[in-house]
Amino acid sequence: MRKSPLYRKVALVLLVALLTPPPLFAVKALEARNIAFKLQSEAMKLYKEGSYRRAVELLRQVTNLSLNSFLAYFYLGLSLSADRQYVEALEPLKIALELEPGHIQAHIALGDVYLKLGDASEARAEYLRALSAQDSYAPAHDGLGRVYEAQGDDDRAIQEYQKALQINVAYPDAYANLGELYLRRGRLDDAIALFLKAIQVKPDFALGYSRLGIAYSREGMVNQAIAAISHGKEIAPQDPLPYLSLGQIFLEAGDLDRAESEIEAALARDPAEAEGWLLRARLLMARQDLNGALKTLADALASELRDPAGRRTLEKAQESYQTTATRIASLTSAIAAAPDKPEPFLELAALLSDAGALEKAVEPARRAAELSPDPSTRLQLAYYLLKAQQSAEAATLLKELAASGSATALLNLGVAQASLGQDDAAAVTYRKYLENHPKDPLPHLYLGNSLFRLGREKEARASYQSYLDLASGDEKTGKVRRLLQLLDKQGVTP
Amino acid sequence: MRRVSIGWLAAGAALALFLHPLGAQEVSKRKGFEIAITSPVSGDFVFGRTEIIAEVKAAEPTLVEKVEFYVDDKLVFIDKEPPYSCFYDFGSEPRSYVLKAKAYHREGVTVTATSITRKVILNYQVSVNRVVLFATAQDSDRHFVLDLKKADFRLEEDDKPQEILDFYLEQRPVVLCLLLDSSGSMQGRMDKVHLAADKFVESLAAEDQALVIDFDEKVFLLQDFTRDVKLLKEAIDSTVAEGGTALYDALYAAFRKLKDFKGRKAIVILSDGEDTNSKFSYQRVLEAAKTNEVLIYSIGLGISILDVSSHSVLKELAEETGGRSFFPGKAEELEGVYQQIAEELRSQYYLTYSPTNEDWNGKWRKIRLSAQRSKDVEIRTRKGYYAVRRSLAPSP
């Protein structure tokens with residue numbers, strides 16, 4: 001069919017509009033209506049496909065043309081927010097709400113933007129406005145939960161997340177947020193249960209898998225953690241979060257090469273992701289490269305980071321690393337001025353160890369022990385050797401110190417022996433330590449681990465039970481409790 | 001490639017422990033016992049020391065024990081006697097506050113009302129302690145009076161005399177929005193509208209900038225700010241009459257477009273009837289007019305004094321801002337009206353003053369500017385301003 005000249009004219013204008021910035025030329029009244037409609041439809045489609053920047057470009061053109069279109073302003077706000085342009089997202093969302101004052105999702109979106117910008121008061125007001133429009137709206141309670149969490153009021157946050165879940169038992173975000181809160185508070189079992197529930201109600205919830213992986217890794221269930229996060233990767237291959245989660249796990253496990261690969265993959269997917277830059281800096285610190293870490297943070301802060309919370313985290317890290325650098329410089333000067341004093345060497349060792357430079361911490365500790373070979377200094381050297389996984393030398397030193405009556409050295413000797421694979425010797429050492437310190441919970445756990453590895457499951461079970469009887473609830477107790485349940489299932493009884 | 005097993009998902013723990021029953025819900029009405037915050041209501045904006053008023057209804061009012069007032073969850077007052085109210089200083093930044101009033105009945109029942117105030121940003125030049133005014137003087141024959149001196153004016157703020165500091169006849173360019181109603185009721189008159197508006201833009205000074213907004217039930221920017229008269233005329237001439245009228249949406253859009261400009265700003269709006277389609281309310285537009293330093297010139301084509309609502313809306317908006325309203329009966333008169341507006345924009349005084357009241361409490365202050373000696377000279381300027389000193393980011 002032959003198209004009319006008017007159609008061709010409109011199509012041509014639309015094509016021009018799609019390819020160029022907002023028109024500075026006069027638009028004819030009828031063309032304006034046609035162009036705005038087409039651009040808006042295209043932009044909403046792009047938003048739903050996750051092409052936020054392109055959606056923003058088109059929606060800016062629409063809102064520069066159609067000045068009272070709620071949908072154009074609403075989707076512009078959503079797209080900007082999704083693209084982490086939070087400051088820019090405020091205005092269109094406010095205009096959208098002026099155009100549709102009772103629009104609940106717009107209130108939630110504006111609340112989310114305020115929260116990202118650190119303005120908890122305005123965020124709370126927006127969530128409450130949503131609730132005044134509809135008093136049982138799960139995302140509003142979920143938002144309030146995040147507000148109270150940001151304000152440090154965990155109890156109130158938990159109440160709001162629970163309200164959200166009562167209203168909508170299939171609301172994955174509230175499960176994930178509550179799980180995140182519990183994860184932060186060390187309630188790993190509860191966190192895991194919530195993340196699992198989030199995944200159950202939304203099987204393609206990539207974030208749920210990543211957070212579940214982190215919770216598993218905190219439980220020491222590294223294989224399960226990797227499996228969960230890998231599944232998250234399959235669901236959302238372009239999402240940097242699973243890569244970051246794996247990077248964090250490998251970093252904490254000391255597997256720096258694999259950590260690097262994951263962190264770089266995350267940054268390749270989203271260079272504006274602050275967490276990626278932070279992990280890269282931590283990785284460099286773990287590789288004893290303080291200058292590299294500082295440069296990474298400086299580069300990140302000079303880049304197009306839009307998330308204010310992420311920016312603040314990086315600034316804090318930069319401040320902390322700079323303090324470390326300054327302190328190292330000052331201690332180095334003190335050592336140069338008085339090379340015979342052991343104290344600056346020990347202080348330097350502590351500083352390097354805290355900063356993650358474990359191997360570098362050993363050298364000043366060794367020098368301190370040479371200068372002052374008293375038991376206390378040698379014990380500190382042994383500690384840094386253990387942390388740097390130089391267990392054989394640590395064990396030799398600790399044996400000497402334990403022989404002279406140091407209980408701390410005796411316990412650490414057990415740890416060193418276990419890390420050398422000498423679980424038989426370690427078990428003997430732990431038992432010797434426990435003769436004089438039976439109420440100390442951790443040696444029971446360590447003993448249980450050595451016995452478990454030796455296949456002496458009944459004895460291990462008894463040790464774990466002693467640990468649970470003595471320890472107050474923490475991350476480790478959950479893990480041990482589950483291990484005991486497993487042993488029970490296998491019919492292992494003391 | 002090795003597939004990752006997700007068998008561990010089946011190991012989900014029981015979740016019942018997380019879902020506790022909800023606590024007692026806060027309600028505003030229970031068993032004939034009722035509370036409402038009557039001032040400020042949700043959506044109001046508040047500055048400075050402001051009274052919070054709660055209205056409590058009970059079958060037996062003497063059984064109302066007390067009303068607690070909270071601002072952002074902080075208890076600020078307990079009132080045990082009706083009328084239930086308290087004063088609270090909200091400072092000079094009008095942000096969102098969550099106000100709560102909780103009434104206690106002696107039989108143990110409580111009811112709670114909530115009001116959420118609105119964040120608003122003012123956009124006028126009250127910085128460095130200076131208030132800026134644009135004023136027009138006309139004699140009894142409606143001629144512009146252009147030879148007045150500073151001493152010829154009497155300026156009062158809240159009935160207290162103020163000293164005029166800067167004063168001169170404004171020569172600087174104006175930035176203006178030309179708003180054209182193209183609703184269906186304008187059919188048959190658009191040719192004359194085009195002609196009159198074209199002549200208006202032709203009469204603008206070379207440095208003046210203007211844009212063209214076309215509105216029916218939708219609001220479209222046909223031409224963004226430009227000094228190019230040809231482009232402005234092209235946009236004007238393309239308007240076609242059809243659809244409803246979203247007058248307030250168009251005005252609000254114009255405020256938004258003007259927000260980033262400094263100096264003299266004006267909106268010239270032509271409409272022939274009542275707003276039928278706006279999403280913005282009149283109150284919101286009036287508020288925008290009071291919080292933005294923009295002169296509004298309104299032209300109500302065919303609107304008589306008997307069209308009470310439309311007439312008063314256009315008149316009030318113009319008067320609040322120091323502009324002027326016109327109500328020509330026929331489209332043929334439009335050309336003359338537009339020319340009067342153009343002339344007025346070239347005949348204004350710029351003046352500033354430093355208010356004697358230095359309490360920047362965010363309250364509305366009335367401005368009155370009049371001729372010192374001659375009663376035959378009428379002076380127009382904006383009606384007042386909110387006393388906020390800080391130079392704030394623009395809005396709306």
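## Quick notes on the overall build of chain A
Part 1 of the reasoning: Counting secondary structure elements, chain A contains 27 helices and 0 strands.
Part 2 of the reasoning: Based on the C-alpha atoms only, the size of chain A along its principal axes is roughly 100 × 60 × 45 Å.
Part 3 of the reasoning: Counting across all 494 residues of chain A, residues that qualify as buried make up 53%.
Part 4 of the reasoning: Accessible surface computed for chain A: about 22,400 Å², of which carbon and sulfur atoms make up 53%.
Part 5 of the reasoning: Side-chain charges in chain A split into 58 positive and 63 negative, and the spacing between the mean points of these groups amounts to 5 Å.

## Overview of the sheet that holds strand β8 (residues 110-116) of chain B
Residue and element names in this part refer to chain B.
Part 1 of the reasoning: Strand order in the open sheet formed by 4 strands is β5-β4-β7-β8, with antiparallel pairing between adjacent strands. Looking along the sheet, the strands with just one partner apiece sit at the ends: β5 (74-79) and β8. Shown here is a sheet whose adjacent strand axes are inclined to one another by a mean of 20°, direction ignored.
Part 2 of the reasoning: Pairing analysis gives 7 bridges linking strand β7 (residues 98-105) to β8, with the strands arranged antiparallel. Bridge pairing links Y104 to T110 in β8.

## Brief notes about the packing of aromatic side chains
Part 1 of the reasoning: Inspection of every chain in the model, using the stated rule, returns 20 aromatic pairs over all chains.
Part 2 of the reasoning: Between A:Y383 and A:Y384 the ring centres are 5.2 Å apart and the planes differ by 65°, which places this aromatic pair in the edge-to-face class.
Part 3 of the reasoning: For A:Y383, a relative accessible area of 42% translates into the label partly exposed.
Part 4 of the reasoning: When the ring of B:F225 is compared with that of B:F261, the centres are 4.6 Å apart and the planes differ by 65°; the resulting orientation is edge-to-face. Note that B:F225 is positioned in strand β16 (residues 219-226) and B:F261 in the loop between α3 (247-258) and β17 (265-271), a separation of 36 residues in sequence.
Part 5 of the reasoning: Given a relative accessible area of 23%, B:F261 falls into the partly exposed group.
Part 6 of the reasoning: Among the aromatic residues, those joined into a cluster by ring pairs are A:Y47, A:Y52, A:F70, A:F74 and A:Y75.
Part 7 of the reasoning: Directly above the aromatic system of B:Y350 lies the positively charged group of B:R172, at a separation of 4.8 Å from the ring centroid.
Part 8 of the reasoning: Geometry around B:W364 places B:K290 over its ring, the cationic atom sitting 4.7 Å from the centre.

## Considering the packing of helix α20 (residues 358-371) of chain A against helix α21 (residues 375-387) of chain A
All names here are of chain A.
Part 1 of the reasoning: The N-to-C vectors of α20 and α21 enclose an angle of 165°; their axes lie 9 Å apart at closest approach. Regarding the angle of α20 to α21, the classification is roughly antiparallel. By crossing handedness, the relation of α20 to α21 is classed as left-handed. Across from L358, A361, V362, A365, R366, A368 and A369 in α20, the residues of α21 making contact are T377, R378, L381, Y384, L385 and K387.

## Side note on the environment of B:K119
Part 1 of the reasoning: Its place among the elements puts B:K119 in the loop between β8 and β9 (126-127).
Part 2 of the reasoning: By relative accessible area, which is 28% here, B:K119 ends up partly exposed.
Part 3 of the reasoning: Taking the C-alpha atoms as reference points, B:K119 and B:K315, separated by 196 residues in sequence, lie 28 Å from one another.
Part 4 of the reasoning: The residues contacting B:K119, other than those within four sequence positions of it, are A:Y114, A:D119, A:E122, B:P94, B:R95 and B:S96.

## Here we look at the domain arrangement of chain B
All names here are of chain B.
Part 1 of the reasoning: Under the domain assignment used here, chain B contains domain 1 (29-116) and domain 2 (121-396).
Part 2 of the reasoning: One C-alpha centre belongs to domain 1, the other to domain 2, and the line joining them spans 39 Å.
Part 3 of the reasoning: Facing 8 residues of domain 1, the contacting portion of domain 2 comprises 9 residues.
Part 4 of the reasoning: Of the roughly 660 Å² buried where domain 1 meets domain 2, counting both sides, 59% is carbon and sulfur surface.
Part 5 of the reasoning: Contact with domain 2 buries area across many residues of domain 1, yet F45, F47 and S92 alone supply 68% of it, more than any other trio.
Part 6 of the reasoning: Put simply, domain 1 and domain 2 have 0 salt bridges between them.
Part 7 of the reasoning: Between domain 1 and domain 2 we count 1 residue pair in polar contact (both at pLDDT 80 or more) in total.
Part 8 of the reasoning: Residue composition of the side of domain 1 that touches domain 2, grouped by class: 2 nonpolar, 4 polar and 2 charged.

## Topic: the pairing of strand β21 (residues 364-371) of chain B
Residue and element names in this part refer to chain B.
Part 1 of the reasoning: Across 5 bridges, the pairing between strand β11 (residues 153-157) and β21 is antiparallel. Bridged to E156 within β21 is R368.
Part 2 of the reasoning: Sheet analysis places β21 next to strand β23 (residues 384-386), joined by 3 bridges and oriented antiparallel. Of the residues in β23, the one forming a bridge with K366 is G384.

## Here's the deal with the sheet that holds strand β15 (residues 209-215) of chain B
Residue and element names in this part refer to chain B.
Part 1 of the reasoning: Spatially, β16-β15-β14-β17-β18-β19 is the arrangement adopted by the 6 strands of the open sheet, whose pairing is mixed. Every interior strand has two partners, whereas the edge strands, β16 and β19 (324-326), have only one. Strand-to-strand twist in this sheet, taken as the mean axis angle between neighbours without regard to direction, amounts to 10°.
Part 2 of the reasoning: As defined by bridge partners, strand β14 (residues 175-181) adjoins β17 across 6 bridges and the pair is classed as parallel. Opposite L176, over in β17, you have A266 as the bridge partner.
Part 3 of the reasoning: Relative to β14, helix α1 (residues 190-202) is tilted by about 175°, and along the sheet it contacts β14 and β17.

## So, the nonpolar core
All names here are of chain B.
Part 1 of the reasoning: By size, the foremost hydrophobic cluster in this structure holds 235 residues, and its most contacted members are L179, F200, I267 and Y338.
Part 2 of the reasoning: Looking at which element gives the most residues to this core, the answer is α3, with 9 residues.
Part 3 of the reasoning: The residues contacting F200, other than those within four sequence positions of it, are L176, L178, V268, Y338, Q339, I341, A342 and L345.
Part 4 of the reasoning: Judged by nonpolar contacts, the second largest core, of 23 residues, contains I37, V71, Y88 and Y97.

## A short note on the side chain of B:Q348
Residues and elements named next belong to chain B.
Part 1 of the reasoning: In this fold, Q348 is placed in strand β20 (residues 348-353).
Part 2 of the reasoning: Assessed through its relative accessible area of 0%, Q348 is described here as buried.
Part 3 of the reasoning: Here R264 takes part through its side chain, which lies 2.7 Å from a polar atom of the side chain of Q348.
Part 4 of the reasoning: If we ignore the near neighbours within four places in the chain, the residues touching Q348 are A135, T136, Y168, L169, E170, R264, L295 and Y297.

## Re the domain arrangement of chain A
Residues and elements named next belong to chain A.
Part 1 of the reasoning: Taken domain by domain, chain A holds domain 1 (1-101), domain 2 (169-263), domain 3 (271-337), domain 4 (341-420) and domain 5 (424-494).
Part 2 of the reasoning: If you average the C-alpha positions of domain 4 and of domain 5, the two centres end up 26 Å apart.
Part 3 of the reasoning: If you look at the interface, domain 4 gives 8 residues, while domain 5 gives 11 residues.
Part 4 of the reasoning: At the boundary of domain 4 with domain 5, total buried surface from both sides reaches about 760 Å², with 78% on carbon and sulfur atoms.
Part 5 of the reasoning: For the domain 4 face of the interface with domain 5, the top three residues by lost area are L410, L411 and Q417, together amounting to 60%.
Part 6 of the reasoning: Inspection of the domain 4/domain 5 interface yields 0 salt bridges.
Part 7 of the reasoning: Remark: the boundary between domain 4 and domain 5 carries 3 residue pairs in polar contact (both at pLDDT 80 or more).
Part 8 of the reasoning: Among the residues making up the side of domain 4 that touches domain 5, the classes are represented as 6 nonpolar, 2 polar and no charged.

## Here we look at the side chain of A:D270
Residue and element names in this part refer to chain A.
Part 1 of the reasoning: Mapped onto the secondary structure, D270 falls in the loop between α15 (256-269) and α16 (274-286).
Part 2 of the reasoning: The exposure class assigned to D270 is buried, which follows from its relative accessible area of 15%.
Part 3 of the reasoning: Of the polar contacts made by the side chain of D270, one reaches the backbone nitrogen of A272; its length is 3.0 Å.
Part 4 of the reasoning: In contact with D270, not counting residues within four places along its chain, are R84 and P240.

What counts as what
- Residues numbered from 1 in each chain as written.
- Chains lettered and ligands numbered in written order.
- Predicted model: local features only at pLDDT ≥ 70, side-chain atom pairs only at ≥ 80, totals over all residues.
- Heavy atoms only, no water.
- Helix = DSSP H or I, 4+ residues; strand = E, 2+ residues; numbered from the N terminus.
- Buried < 20%, exposed > 50% of the residue type's maximum accessible area, 1.4 Å probe, protein only.
- Areas by Shrake-Rupley, 256 points an atom, 1.4 Å probe, with all protein chains shown as cover.
- Lys, Arg positive; Asp, Glu negative; His and termini not counted.
- Charge placed at Lys NZ, Arg CZ, Asp CG, Glu CD.
- Pairing = 2+ DSSP bridges.
- Axes fitted to C-alpha atoms, helices over the stretch in contact; angles between N-to-C directions.
- Phe/Tyr/Trp six-rings, centres within 6.5 Å; stacked < 30°, edge-to-face > 60°.
- Lys NZ or Arg CZ within 6 Å of the ring centre and 35° of its normal.
- Parallel < 35°, antiparallel > 145°, perpendicular 65-115°, else oblique.
- Left-handed = near helix turned anticlockwise from the far one by under 90°.
- Contact = heavy atoms within 4.5 Å.
- Domains from an automatic or database assignment.
- Buried area = accessible area lost by both parts, 1.4 Å probe.
- Salt bridge = Lys/Arg side-chain N within 4 Å of Asp/Glu carboxyl O.
- Polar contact = N/O pair within 3.5 Å; in protein donor to acceptor, adjacent residues only side chain to side chain.
- Nonpolar A, V, L, I, M, F, W, Y, C, P; charged D, E, K, R; others polar.
- Core = buried A, V, L, I, M, F, W, Y, C linked by side-chain atoms within 4.5 Å.

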